[in-house]
Amino acid sequence: MDWSSKTVMVTGATAGIGAATALRFAEAGATLIITGRRKQRLETMADVLTSAGANEVYIHRFDIQKKEQIAAVVKNITADTLSVDVLVNNAGLSRNFSPMWEDNTDGWDDMIDTNIKGLLHMTRALLPGMIDKNSGHIINIGSIAGHEVYQNGAVYCATKHAVKAITASLRLDLFKTNIRVTSIDPGLVETEFSEVRFYGDKERAETVYKGFQPLTAADIAESVFWSASMPEHVTIAEMLVLPTDQASATMVYKK
Ligand SMILES: NC(=O)c1ccc[n+]([C@@H]2O[C@H](COP(=O)([O-])OP(=O)(O)OC[C@H]3O[C@@H](n4cnc5c(N)ncnc54)[C@H](OP(=O)(O)O)[C@@H]3O)[C@@H](O)[C@H]2O)c1
C-alpha cells in the first residue's frame, strides 16, 4: 500500500494507543489528522509525526463527547480538501472499578458519551465521504471487555460490547461497498488508561501492570497498521490481541 497518498484520522492521538498508531502511519508516510482535548500534546505530536515522516499533519482539538464539535471538525477537514481514507476510532476511556451501586455515575456518562456516542458520531460524520468514493476503512478500537465481562466493570464492558455490535452491524450496512470495517480488541496495554480509570491515582494504576509483561501501545499500533495495509479485497473483521501472560479478561499470570 502506498501510504503517501492516503489520509488517516486517529481520534485520541495525544496518548497511548492513538499516539502510537498515528506514529506508525506517519512512519509509512501517510497524511495524519490527529485529535484529542490536550492542545500541547497535539502540538508536540504534530512535530513527532512530521519528524517520523508524515506527509502532512493536521491537528483538531475537540471533545468527542460533543457532537456539534465533531460536525465542525469534519467541515474543516472538507474545507482543507482532505478525504479521509482510514478512520481509527480510538478515543476512549474507562472510569470506576467498583460494584455498580458504588460507581460514580458521571463516569458512566463519560464512558457512554465517549466510547459509544463519540465513535458513532465520528463515523456518521465521515461515512458519507467514503460512500461517495466507494472506498475507506473504519477501524474501531474495541477491547477484550467487548468479548467478556468482568466484576466491577459493568458499564465499561457494556460500552465495548456496544462497539463490537456497532462494528458488526456497520459491516452489514456497508455490504456491496468497498468500505472495510475492522475491530482491534486489546487485552491489557500499559498506557494512561488505568490512571484515567482511577481518576489520577498513579500508584493504583501502576499495580495493574505489575508482575507481568503487558502489551505496549506500539503492539496495538502494529495490529491496526497491518489490518489497514491488507489488500483492498481483504477485511480483517476483528482481532483480539492479548499479552501472552493474559488468558482471559481476568486471568493474568502475575509472577
Ligand atoms: N489500555 C488498555 O489496556 C486498553 C485495552 C483495551 C482497549 N483499550 C481502548 O484503547 C483506546 C485507547 O486507550 P489508551 O489505552 O490508549 O488510553 P489513554 O492512554 O488514556 O488514551 C486515551 C486517548 O483518548 C482521548 N480521549 C479520551 N476522552 C476524550 C474525549 N472526550 N474527547 C477527545 N479525546 C478523548 C485522550 O485524549 P485527551 O485526553 O487529550 O482528550 C487520549 O488521547 C480506548 O478506546 C480504550 O478503551 C485500551
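Everything discussed here concerns the structure shown above.
Attention in this report is confined to the structure presented alongside it. Since this is a predicted model, take the numbers as computed values, not measurements.

1. Some points on empty space enclosed by the protein
Okay, step 1: Tallied over the full model, the rule gives 2 cavities of 30 Å³ or more.
Okay, step 2: Met-1, Trp-3, Lys-6, Asp-85, Val-86, Ser-135, Gly-136, His-137, Asn-178, Arg-180, Ala-228 and Glu-232 are the residues that line the largest cavity.
Okay, step 3: Looking at side-chain class alone, the lining of the largest cavity contains 4 nonpolar, 4 polar and 4 charged residues.
Okay, step 4: Taken as a whole, the second largest cavity holds about 50 Å³ of empty space.
Okay, step 5: Forming the walls of the second largest cavity are Thr-11, Asn-89, Asn-90, Ala-91, Thr-114, Asn-115, Gly-118, Leu-119, Ile-141 and Lys-160.
Okay, step 6: The element contributing the most residues to the lining of the second largest cavity is helix α4 (residues 105-133), with 4 residues.

2. Section: the nonpolar core
A general tendency of soluble globular proteins is for nonpolar side chains to be buried together.
Okay, step 1: Formed by 34 residues in total, the largest nonpolar core has its most connected members in Val-8, Phe-25 and Leu-32.
Okay, step 2: Mapped onto this core, the elements with two or more residues apiece are β1 (7-10), α1 (16-27), β2 (31-36), α2 (39-52), β4 (86-89), β5 (136-141), α8 (217-229) and β7 (238-241).
Okay, step 3: Residues contacting Leu-32, with those up to four places away along its chain left out, are Val-8, Val-10, Ala-22, Phe-25, Ala-26, Leu-49, Ala-54, Glu-56, Val-57 and Tyr-58.
Okay, step 4: Core analysis: the next-biggest nonpolar cluster, separate from the first, contains 21 residues, Ile-70, Val-73, Leu-82 and Met-122 among them.

3. A look at the packing of aromatic side chains
Okay, step 1: Within this structure, the stated rule accounts for 5 aromatic pairs.
Okay, step 2: Aromatic side chains Phe-25 and Phe-225 sit 5.2 Å apart centroid to centroid with 70° between the ring planes, which places their arrangement in the edge-to-face category. Of this pair, Phe-25 sits in helix α1 while Phe-225 sits in helix α8, and the two are 200 residues apart along the sequence. Here Phe-25 matches Phe-225 in class, with each residue buried.
Okay, step 3: Measuring from centroid to centroid gives 5.5 Å for Tyr-156 and Phe-193, while their planes differ by 65°, and the two rings are edge-to-face. Taken together, the positions of Tyr-156 in helix α5 (residues 154-173) and Phe-193 in helix α6 (residues 193-197) put the pair 37 residues apart, joining distant regions of the chain.

4. Details of the site of the ligand
Okay, step 1: Taken together, 30 residues sit near the ligand, with Thr-14, Arg-37, Asp-63, Tyr-156 and Thr-191 positioned nearest.
Okay, step 2: Ile-64 places a polar main-chain atom, nitrogen or oxygen, 2.9 Å from a nitrogen atom of the ligand.
Okay, step 3: Glu-192 places a polar main-chain atom, nitrogen or oxygen, 3.2 Å from an oxygen atom of the ligand.
Okay, step 4: When the ligand is considered free in solution it has 880 Å² of accessible area, and contact with the protein chains removes 96% of it.
Okay, step 5: One can see that the ligand is located within the largest pocket.
Okay, step 6: At the level of elements, α1, α5 and α6 are the ones that each hand at least two residues to the shell around the ligand.
Okay, step 7: Split by residue class, the shell around the ligand holds 13 nonpolar, 12 polar and 5 charged.

5. Let's talk about the side chain of Thr-159
Okay, step 1: By the element assignment, Thr-159 lies in helix α5.
Okay, step 2: Side chain to side chain, Thr-159 and Asn-115 meet in a polar contact 3.2 Å long.
Okay, step 3: Apart from the residues lying within four places of it in its own chain, the contact partners of Thr-159 are Met-111, Ile-112, Asn-115 and Ile-116.

6. Brief notes about the layout of surface pockets
Okay, step 1: Taken as a whole, the largest pocket spans an internal volume of roughly 1200 Å³.
Okay, step 2: Lining the largest pocket are 49 residues, and of these Leu-93, Tyr-156, Thr-191, Phe-193 and Ser-194 lie nearest its centre.
Okay, step 3: Taken together, the elements giving at least two residues each to the lining of the largest pocket come down to α1, β2, α4, α5 and α6.
Okay, step 4: If one sorts the elements of the lining of the largest pocket by residue count, α6 sits on top with 4 residues.
Okay, step 5: For the lining of the largest pocket, a count of residues per class yields 21 nonpolar, 19 polar and 9 charged.
Okay, step 6: Counted as a void, the second largest pocket has a volume near 200 Å³.
Okay, step 7: Thr-78, Leu-82, Val-84, Leu-126 and Gly-129 are, among the 13 residues lining the second largest pocket, the residues nearest its centre.
Okay, step 8: Residue assignment for the lining of the second largest pocket shows that the elements contributing at least two residues are α3 (67-79) and α4.
Okay, step 9: Its residues placed into classes, the lining of the second largest pocket shows 8 nonpolar, 4 polar and 1 charged.

Conventions and cut-offs
Residues numbered from 1 in each chain as written. Predicted model: local features only at pLDDT ≥ 70, side-chain atom pairs only at ≥ 80, totals over all residues. Heavy atoms only, no water. 1 Å grid on protein atoms, 1.4 Å probe; cavity = no way out; pocket = protein on both sides within 12 Å on 5 of 7 lines; lining within 4 Å. Points joined across faces, edges and corners; volume = space filled by probe spheres on them. Nonpolar A, V, L, I, M, F, W, Y, C, P; charged D, E, K, R; others polar. Helix = DSSP H or I, 4+ residues; strand = E, 2+ residues; numbered from the N terminus. Core = buried A, V, L, I, M, F, W, Y, C linked by side-chain atoms within 4.5 Å. Buried < 20%, exposed > 50% of the residue type's maximum accessible area, 1.4 Å probe, protein only. Contact = heavy atoms within 4.5 Å. Phe/Tyr/Trp six-rings, centres within 6.5 Å; stacked < 30°, edge-to-face > 60°. Near = heavy atom within 4 Å. Polar contact = N/O pair within 3.5 Å; in protein donor to acceptor, adjacent residues only side chain to side chain. Areas by Shrake-Rupley, 256 points an atom, 1.4 Å probe, with all protein chains shown as cover. Sits in = over half its atoms within 2 Å of the grid points.

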